[in-house]
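# Notes for the structure review
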Amino acid sequence: MEVCGGQTHSIVKFSLDEMIPSKIRLIHGPGCPVCVTPLELIDKAISIAARPDVIFCSFGDMLRVPGTSKDLLSVKAEGGDIRFVYSPMDALKIAQDRPDRQVVFFAVGFETTAPANAMAVYQAKALGIQNFSLLVSHVLVPPAMETILSSPQNQVQGFLAAGHVCTVMGTAEYIPLAQKYRVPIVVTGFEPVDILEGISMCVRQLEEGRFEVENQYARSVRAEGNRPAQELVQKIFQVIPRSWRGLGEIPLSGLGLSADYMEFDAERRFDVGHVRAKESPDCISGLVLQGIKKPLECAAFANACTPDHPLGAPMVSSEGACAAYYRYRNRNDSVESSPRQSFGRGPGFLVCKNLDPGQKACRDDGTKKFTVDRR
Ligand code: SF4
């Protein structure tokens, strides 16, 4: 299983999963921060962003993730002051410039983005800025890996751990997981050759009966990680239980503001504890995020669910598995069949030439391959 959605995009973009021996099956993991943000938190963001006294700041991907009834972009169209920023420090600057408004930053991400968000809160307190807060949705990778490994449905025999997370956190916290569950964990980068080497290192460990943490991404990751960044995160945040889309609540799997910085918590400031969410019954993103299903096995893929009209976050996010398949799979000349293969309509997408009139799925032609047009 590749943990990170960035690795998934490389795998699908360069068809690495089709180049490697068929005995090795790559399973896409839950490592897309936008995708694992629970629907309830999206609805809380929408509730806060709709307030007339709020300037709501977020990275672009989150604006199009569907909530229960609408997305943040719809709130913006209805007059909400929602701004797309590149960094939490941009949001802090807006708060400094507009002391008459409350400025909220949607702090989403894994261990990778936590240091920058911690720095924004640290600066806000140091500068005495009182109209700035974070809607926090930080999650931690190792508890999610443990949840997948301890599931009765688990099929994962080895992990490609996310290189950028380990650049911050180091590699030590993966050693107990590798030993307890007897799985190789190879810290891996994002280029195609990184991923192929990571797979090779994983397979070599399995063949030799070793279950160790190895570092393929040594040009960026040190065993101890980035200590100053870790210390800042520990100062501003505390480890708490978090709900993950698709995985449910996992103990000690997230970050929330620590007692000294609780005043910067937007959930408390705007009292959104009553918000309740309802998932789309047609979206199987929970199964996709656990690696149990692939996007092409979703009946809504490229039909009811497209990047223009997404039903779930994995079709929206730049690291989402469904978006990767939608974007890149149509570049192949042929595609492996699967029992629930879905095909898109319109220019540039797969069109099955074996499709009978009125049929909704391609007919298996016996070779397990379909011919496709590149329109
Ligand atoms: S294709 Fe769309 S509906 Fe299906 S799992 Fe992905 S995001 Fe959900």
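This write-up is about the structure you can find in this document. (Residues numbered from 1 in each chain as written. Predicted model: local features only at pLDDT ≥ 70, side-chain atom pairs only at ≥ 80, totals over all residues. Heavy atoms only, no water.)

### A word on the pairing of strand 11 (residues 248–257)
Sheet topology note: the strand 6 (residues 132–139)/strand 11 ladder contains two bridges and is antiparallel. Each residue of the ladder has a partner; that of V139, found in strand 11, is G254. From the end of strand 10 (residues 237–244) to the start of strand 11, which pair antiparallel, there are three residues, and G246 there has a positive phi angle of about 90 degrees. (Pairing = 2+ DSSP bridges. Helix = DSSP H or I, 4+ residues; strand = E, 2+ residues; numbered from the N terminus.)

### Topic: helix 12 (residues 227–236)
Listed in full, the buried residues belonging to helix 12 are A229, Q230, L232, V233 and I236. One side of helix 12 carries all its buried residues, which in axial view fall inside an arc of 160 degrees. Pointing more than 90 degrees away from the buried face of helix 12 are the exposed residues P228, E231 and Q234. Turning to helix 12, the residues buried within the fold contact helix 7 (114–127), helix 9 (163–169), strand 10 and strand 11. One side-chain oxygen at the N-terminal end of helix 12 lies 3.1 Å from the backbone nitrogen of A229; it belongs to N226. (Buried < 20%, exposed > 50% of the residue type's maximum accessible area, 1.4 Å probe, protein only. Arc of directions from axis to C-beta. Contact = heavy atoms within 4.5 Å. Polar contact = N/O pair within 3.5 Å; in protein donor to acceptor, adjacent residues only side chain to side chain.)

### Here we look at the layout of surface pockets
If you add up the space inside the second largest pocket, you get close to 360 Å³. Put simply, the parts of the chain that give the lining of the second largest pocket at least two residues each are strand 7 (159–162) and helix 11 (192–208). Here the lining of the second largest pocket gets five residues from one element, more than from any other, and that element is helix 11. Across the lining of the second largest pocket, the residue classes tally to 11 nonpolar, three polar and three charged. (1 Å grid on protein atoms, 1.4 Å probe; cavity = no way out; pocket = protein on both sides within 12 Å on 5 of 7 lines; lining within 4 Å. Points joined across faces, edges and corners; volume = space filled by probe spheres on them. Nonpolar A, V, L, I, M, F, W, Y, C, P; charged D, E, K, R; others polar.)

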